[in-house]
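Report on the structure
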Amino acid sequence: MTIQRIKPGPRMSGAVVHGNTVYLAGQVAQESAGKSVTEQTKEILSIIDSLLAEAGTDKSKILMANIWITDMGTFQEMNAVWDAWVSPGNTPARATVEAKLATPAFKVEIAVIAAK
């Protein structure tokens, strides 16, 4: 099987497609870095939509999501955005943990695995 790398960089690719599985790297908000969890989550989910589309799939095919937030006190704020975005009836397996991210400006990071 071939491997397709989407938005490859020197350290990682935005997404990697192998067979009928799409693996997205952890996505963080660039435009809304330092802003609210709501704004960052919206931006990240938009990035995920774009990467999935480029890979030939969409959010209804997400199998697993890993979410890291810097403050579990913002869990409900992040979930409000997630719940409005996620495909009804197609919710993926998911884990959410509190973690220190690469820079204090990042409050949320999300990585997903999807089927094609």
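To be clear, the structure that these remarks concern was listed above.
Residues numbered from 1 in each chain as written. Predicted model: local features only at pLDDT ≥ 70, side-chain atom pairs only at ≥ 80, totals over all residues. Heavy atoms only, no water.

Focus: the layout of surface pockets
Computed from the structure, the largest pocket encloses a volume of approximately 330 Å³. Lining the largest pocket are 16 residues, and of these Met12, Gly26, Gln27, Val28 and Gln30 sit closest to its centre. Within the residue set of the lining of the largest pocket, elements represented by two or more residues are β2 (13-18) and α1 (37-54). Element by element, the count of residues in the lining of the largest pocket is highest for α1, at 4 residues. The class makeup of the residues in the lining of the largest pocket is 7 nonpolar, 6 polar and 3 charged. (1 Å grid on protein atoms, 1.4 Å probe; cavity = no way out; pocket = protein on both sides within 12 Å on 5 of 7 lines; lining within 4 Å. Points joined across faces, edges and corners; volume = space filled by probe spheres on them. Helix = DSSP H or I, 4+ residues; strand = E, 2+ residues; numbered from the N terminus. Nonpolar A, V, L, I, M, F, W, Y, C, P; charged D, E, K, R; others polar.)

Side note on the pairing of strand β5 (residues 93-98)
Put simply, side chains in a regular strand alternate between the two faces of the sheet. One ladder, built from 6 bridges, connects strand β4 (residues 62-69) with β5; its direction is parallel. Residue pairing in the sheet places Ala65 in a bridge with Arg94 of β5. Handedness of the crossover joining β4 and β5 through helix α2 (residues 75-85) is recorded here as right-handed. (Pairing = 2+ DSSP bridges. Right-handed = clockwise from strand over helix to strand, strands pointing away.)

Brief notes about the packing of aromatic side chains
Two numbers describe a pair of aromatic rings. These are the distance of the centres and the angle of the planes. Taken as a whole and assessed by the stated rule, the structure comprises 1 aromatic pair. Taken together, a centroid distance of 5.3 Å and an interplanar angle of 55° make the contact between Trp82 and Trp85 tilted. In this pair, Trp82 and Trp85 both sit in helix α2, 3 residues apart, roughly one turn of the helix. Residue Trp85 is classed as buried on the basis of its relative accessible area, which comes to 10%. The ring of Trp82 has Arg94 lying over it, and the distance from NZ or CZ to the ring centre is 5.2 Å. (Phe/Tyr/Trp six-rings, centres within 6.5 Å; stacked < 30°, edge-to-face > 60°. Buried < 20%, exposed > 50% of the residue type's maximum accessible area, 1.4 Å probe, protein only. Lys NZ or Arg CZ within 6 Å of the ring centre and 35° of its normal.)

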